[in-house]
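Residue-level listing of the chains:
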Amino acid sequence: MFSFGYYLAISALTYGMSLLHTGSNTRLPLYMIMIIGVMALSYGFGIRSKAV
């Protein structure tokens, strides 16, 4: 139950910060998804290059 409450609090904070800074509620989550994607790709390519 604690983790669900924590997730809701972080989601609300992200939503509020997004509206406060850019006036849009989609830019910050999309930015975070892009950063996570780049990190996952670079990690995957790093693992693949070391395995060969």
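Look above for the structure.
Before going into details, it helps to say that this report is about the structure given with it. Every residue gets a number counted from 1 within its own chain, in the order that chain's sequence is written. Since the coordinates come from a predicted model, pLDDT governs what is reported: local features require at least 70, and pairs of side-chain atoms require 80 or more to be given and counted, while whole-chain, interface and lining totals use all residues. In computing side-chain properties, one takes all heavy atoms of the structure into account and sets aside hydrogens as well as water.

## A closer look at the overall build of the chain
The helix and strand inventory of the chain stands at 2 helices and 0 strands. Relative to its length of 52 residues, the chain is extended, with a C-alpha radius of gyration of 16 Å against a globular reference of 10 Å. Its C-alpha atoms give the chain principal-axis dimensions of about 45 × 30 × 10 Å. Whether a residue is buried, partly exposed or exposed follows from its accessible area with a 1.4 Å probe, protein chains only, as a fraction of its type maximum: under 20%, in between, or over 50%, in that order. Burial status across the chain gives 6% buried among its 52 residues. Split by element, the accessible area of the chain, about 4800 Å² in all, is 76% carbon and sulfur. The helix count covers DSSP runs of H or I at least four residues long, the strand count covers runs of E at least two residues long, and both are numbered beginning at the N terminus. Atoms considered for the radius of gyration are the C-alpha atoms alone. The globule rule reads 2.2 Å times the number of residues to the power 0.38. Only the protein chains shown count as covering a residue, and every accessible area follows the Shrake-Rupley method with a 1.4 Å probe.

## Quick look at the packing of aromatic side chains
Any two rings among Phe, Tyr and Trp, with Trp reduced to its six-membered ring, count as a pair given centres within 6.5 Å; such a pair is stacked if its planes are under 30 degrees apart, edge-to-face if over 60, and tilted if neither. Per the counting criterion, the structure on display carries 1 aromatic pair. Between Phe 2 and Tyr 6, the ring centres sit 6.4 Å apart and the planes meet at 25°, which makes this aromatic pair stacked. Of this pair, Phe 2 and Tyr 6 both sit in helix H1 (residues 2–22), 4 residues apart, roughly one helical turn.

## Some points on the environment of Leu 19
When you line up the elements, Leu 19 lands in helix H1. In this structure Leu 19 comes out as partly exposed when scored by relative accessible area, which is 37%. The criterion used for residue contact is that any of the two residues' heavy atoms lie within 4.5 Å. Dropping the residues within four chain positions of it, Leu 19 is found in contact with Ser 24 and Asn 25.

Structural measurements only, silent on function.
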